[in-house]
Every structure is written in structure tokens, then in C-alpha cells.
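The residues making up each chain are set out below.
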Amino acid sequence: MPTSKNNQTIEKFLLGLLALIFSIKVLEALCMLPHGDPLYYHLVGPKLWLETSFSQMHHEFIPFKQAGYFDYLYIIPVWIFGATLKAQLMGQLMHMIFSLGAGCLLIKTIFDSEIGEKKWTYLTCIALLTINKSSDFFLYAKNDGVVAFLILLTAITIWHPTFLARVTGLKRSALIGLFMGLAVGVKLSAAFFAAPLFLFMT
């Protein structure tokens, strides 16, 4: 059928375009991106913890009070590479994978089960990867992208009953609460988004 063949052509084109854009994002994450926050506290906190064998939380280091759960993962690159450019690049790649990468995986999971046509999955993932005007926003060694992903995951779990359909009733409410809690734990400002979602549930 001509229509079927056209759809296959479109799907192959969009898949190739998605692969290209995703590869560019990975390469961008492996470039030195100048931003104050990672060098001010996101990567500094893990360095201080390692230097004190985790014996101190450095309460006097006020900027790190803005950090959260995800910043603990930055201990890994700092432990492997030390306080070097390599640690920053690995942190940027981690942020990209846990935000844009996780978002694309979430889209694929939902669209594959609900829509079926892969072209819409690819097109939506492309939109996600190119959604912001400043293309490196989700590539800095920060935590904002992870917050955005967790809030999106929370909203989908609330409004999309077929997503994780086996989890129902109290268990589903508990799971939604876990996603909300993680979002706020990653960055306190996520409460501005989690609160309306909580009010909607009640």
C-alpha cells in the first residue's frame, strides 16, 4: 500500500533525525559549558564531602543548601576524576541522561502503548529535545532537568490512568506522593509545581 510505504519512509526519516539530534545533545553535554551554578555549589558540595570522608555536611557552605538528592550523584564523577573538567563533563552527561534521556523513554513508553504509530513517538521526542530556546539548559551539571522530568512523571501518573495501570488505589496514591517527594527533594522550588498537583488530587 502506498500509504503504508509513505508512513515507513516518514518513520525512518524521523528516527534518523531523532538519532542525530540526540547524538548532538550528547556531544554538547561533553563540551565545557560555562555556567556558574555547577561550579558554585552543584559540584562543590560533593568535593567537600569526599575531602572530609563524608564526616561533615558543611553547614557553613550556605549555597549548597539549594541542592538536593540528585546532587549526591555528582559524588560519582568527582570521586572518579577529582575536581577536574572531566568531572564537570560527566556531571553534564548525567544531567542530560536523567532529564532529556529519561523524558524520551517516558514518551516512548506511553506512545507505544497508546498510539502505536512510531512517527508520533519520534516527533514528540524531537520536540522534547528541542523544546527550549537555550539548548544547553538541560545539559549543565545541575538538577533542573531532573525536577522537570519528575513533575512530568507525576502529572502523567495522575492524569493518565493507563500509565502504570496495574498500580491502583492507595498504592498509586503512594507512588504519586513518592514522585512528588522526589521532585521537591531534588530541588525545593519544585514545590511550586507539586502543590497544584497535590491540590488536584484532593
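**Here we look at the pattern of salt bridges**
So, step 1. Within the structure shown, the criterion is met by five salt bridges.
So, step 2. The salt bridge involving Glu117 is made with Lys119; its shortest N-O contact spans 3.6 Å.
So, step 3. The class for Glu117 is partly exposed, based on a relative accessible area of 35%.
So, step 4. Taking the relative accessible area as the measure of exposure, Lys119 reaches 16% and is therefore buried.
So, step 5. Taken together, the shared-partner salt bridges in this structure form one network comprising Lys142, Asp144 and Lys187.

**A short note on the confidence of the model for the protein**
So, step 1. In this model, the protein carries an average pLDDT of 84, and 89% of its residues clear a pLDDT of 70 or more.
So, step 2. Ranking the elements of the protein by mean pLDDT puts helix H2 (residues 36–42) last, at 73, and helix H9 (residues 169–186) first, at 92.

**Remarks on H9**
So, step 1. Between its first and last C-alpha atoms H9 spans 26 Å; for 18 residues at 1.5 Å apiece the expected length is 26 Å, and the two agree.
So, step 2. Within H9, burial applies to Arg172, Leu175, Ile176, Phe179, Met180, Ala183, Gly185 and Val186.
So, step 3. Next to the buried residues of H9 lie helix H4 (69–72), helix H8 (144–159) and helix H10 (191–201).

**Focus on the nonpolar core**
So, step 1. Grouped together as the largest cluster of nonpolar side chains are 46 residues, with contacts concentrated most on Leu100 and Leu106.
So, step 2. Of all the secondary structure elements, the ones that give two or more residues to this core are helix H1 (2–29), helix H6 (85–114), helix H7 (118–129), H8, H9 and H10.

**Brief notes about a nonpolar patch on the surface**
So, step 1. Among the surface-exposed residues, Leu73, Ile76, Trp79, Ile80, Phe81, Met90, Ile97 and Phe98 lie close enough to one another that they form a single nonpolar patch of about 770 Å² accessible area.
So, step 2. At the level of secondary structure, the elements contributing two or more residues to the nonpolar patch comprise helix H5 (75–81) and H6.
So, step 3. Looking at the nonpolar patch, the element that brings in the most residues is H5, giving four residues.
So, step 4. Relative to the assigned elements, Phe81 resides in helix H5.
So, step 5. Residue Phe81 is classed as partly exposed on the basis of its relative accessible area, which comes to 31%.

**Examining the side chain of His95**
So, step 1. Turning to its location among the elements, His95 is positioned in helix H6.
So, step 2. Take His95: its relative accessible area is 0%, and that puts it in the buried class.
So, step 3. Apart from the residues within four sequence positions on either side, His95 is in contact with Phe70, Tyr74, Phe137, Phe138, Leu139, Tyr140, Lys142, Asn143, Asp144, Gly145 and Val146.

**Quick look at the side chain of Lys142**
So, step 1. Along the chain, the position of Lys142 falls in the loop between H7 and H8.
So, step 2. Judged by its relative accessible area of 5%, Lys142 is buried.
So, step 3. Within polar-contact distance, the side chain of Lys142 engages the side chain of Asp144 at 3.3 Å.
So, step 4. For Lys142, the contacting residues outside a window of four places in its chain are His35, Asp37, Pro38, His42, Phe70, Tyr74 and His95.

**Considering unusual backbone geometry**
So, step 1. Even without a glycine there, the phi angle at Leu164 is positive, about 55°.
So, step 2. Within the secondary structure layout, Leu164 lies in the loop between H8 and H9.
So, step 3. Overall, Leu164 belongs to the partly exposed group, its relative accessible area being 35%.

Rules behind the numbers
Residues numbered from 1 in each chain as written. Predicted model: local features only at pLDDT ≥ 70, side-chain atom pairs only at ≥ 80, totals over all residues. Heavy atoms only, no water. Salt bridge = Lys/Arg side-chain N within 4 Å of Asp/Glu carboxyl O. Buried < 20%, exposed > 50% of the residue type's maximum accessible area, 1.4 Å probe, protein only. pLDDT = per-residue confidence, 0-100. Helix = DSSP H or I, 4+ residues; strand = E, 2+ residues; numbered from the N terminus. Expected span 1.5 Å × (residues − 1). Contact = heavy atoms within 4.5 Å. Core = buried A, V, L, I, M, F, W, Y, C linked by side-chain atoms within 4.5 Å. Patch = residues over 30% accessible without salt bridge, like charges linked within 9 Å, V, L, I, M, F, W, Y side chains within 5 Å. Areas by Shrake-Rupley, 256 points an atom, 1.4 Å probe, with all protein chains shown as cover. Polar contact = N/O pair within 3.5 Å; in protein donor to acceptor, adjacent residues only side chain to side chain.

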